Amino acid sequence: STFGKYCKDALTIAEHENRKHNPLAISATGDYGVMQINCYWETKRQLKYNKVTNFDCRKLLNADFNIETAWINFKRNGYSWKSWTTCKYLTKCY
């Protein structure tokens, strides 16, 4: 699994972010896909880390890309879920 020992927490986050498990979900606040990754912040991360100047947030609607992006962001945050507001549903947010 992409999240390894963090898989249970990743599933909890996904469940609370996207209750219908819809990989094509887009929230009113611009959060995309399975893990509800915010388009604005992901665009900034793509520019900073990958030098991508024209990131298309529709890429986040691909479930594999969305989950991999969530994993990368989780690692960059020091293996922390704090950038997801739903981390409050975990025993520990890290």
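Scroll up a little and you will see the structure.
Anyway, here's the lowdown on the structure attached to this text. These figures come from a predicted structure and were not determined experimentally.

Reading the values: rules and limits
- Residues numbered from 1 in each chain as written.
- Predicted model: local features only at pLDDT ≥ 70, side-chain atom pairs only at ≥ 80, totals over all residues.
- Heavy atoms only, no water.
- Salt bridge = Lys/Arg side-chain N within 4 Å of Asp/Glu carboxyl O.
- Helix = DSSP H or I, 4+ residues; strand = E, 2+ residues; numbered from the N terminus.
- Buried < 20%, exposed > 50% of the residue type's maximum accessible area, 1.4 Å probe, protein only.
- Disulfide = S-S within 2.5 Å.
- Polar contact = N/O pair within 3.5 Å; in protein donor to acceptor, adjacent residues only side chain to side chain.
- Phe/Tyr/Trp six-rings, centres within 6.5 Å; stacked < 30°, edge-to-face > 60°.

## Regarding the pattern of salt bridges
Right, so step 1: For the structure on display, the rule yields two salt bridges.
Right, so step 2: Residues Arg-45 and Glu-42 are paired through a salt bridge, measuring 2.9 Å at the closest nitrogen-oxygen approach. Linking Arg-45 with Glu-42, this pair stays in helix H2 (residues 39-50), spanning three residues, or about one helical turn.
Right, so step 3: For Glu-42, a relative accessible area of 2% translates into the label buried.

## Concerning the state of the cysteines
Right, so step 1: According to the stated counting rule, one finds one disulfide in the structure shown.
Right, so step 2: The disulfide partner of Cys-39 is Cys-57, and the gap between their sulfur atoms is 1.8 Å. Looking down the S-S bond of the Cys-39 and Cys-57 bridge, the torsion is 80°, so its handedness is right-handed. Here Cys-57 lies in the loop between H2 and helix H3 (63-76) and Cys-39 lies in helix H2, a separation of 18 residues in the sequence.
Right, so step 3: Overall, the relative accessible area of 6% leaves Cys-57 in the buried class.

## Notes on the environment of Lys-8
Right, so step 1: Inspection of the secondary structure assignment puts Lys-8 in helix H1 (residues 7-17).
Right, so step 2: Note: C-alpha distance between Lys-8 and Leu-90 (82 residues apart in sequence) is 9.7 Å.

## As for the side chain of Ser-80
Right, so step 1: With respect to the element layout, Ser-80 can be found in the segment after H3.
Right, so step 2: For Ser-80, a relative accessible area of 5% puts it in the buried group.
Right, so step 3: At 3.1 Å, the side chain of Ser-80 and the backbone nitrogen of Lys-82 are in polar contact.

## Looking at the packing of aromatic side chains
Right, so step 1: For the structure shown, the criterion picks out 12 aromatic pairs.
Right, so step 2: Arranged with centres 5.3 Å apart and planes meeting at 85°, the rings of Phe-3 and Trp-71 form a pair that is edge-to-face. Linking Phe-3 in the segment before H1 with Trp-71 in helix H3, this pair joins segments that are 68 residues apart in sequence.
Right, so step 3: You can call Trp-71 buried: its relative accessible area is 14%.
Right, so step 4: Consider the rings of Tyr-6 and Phe-74, whose centres lie 4.9 Å apart with planes at 65°: the pair is edge-to-face.

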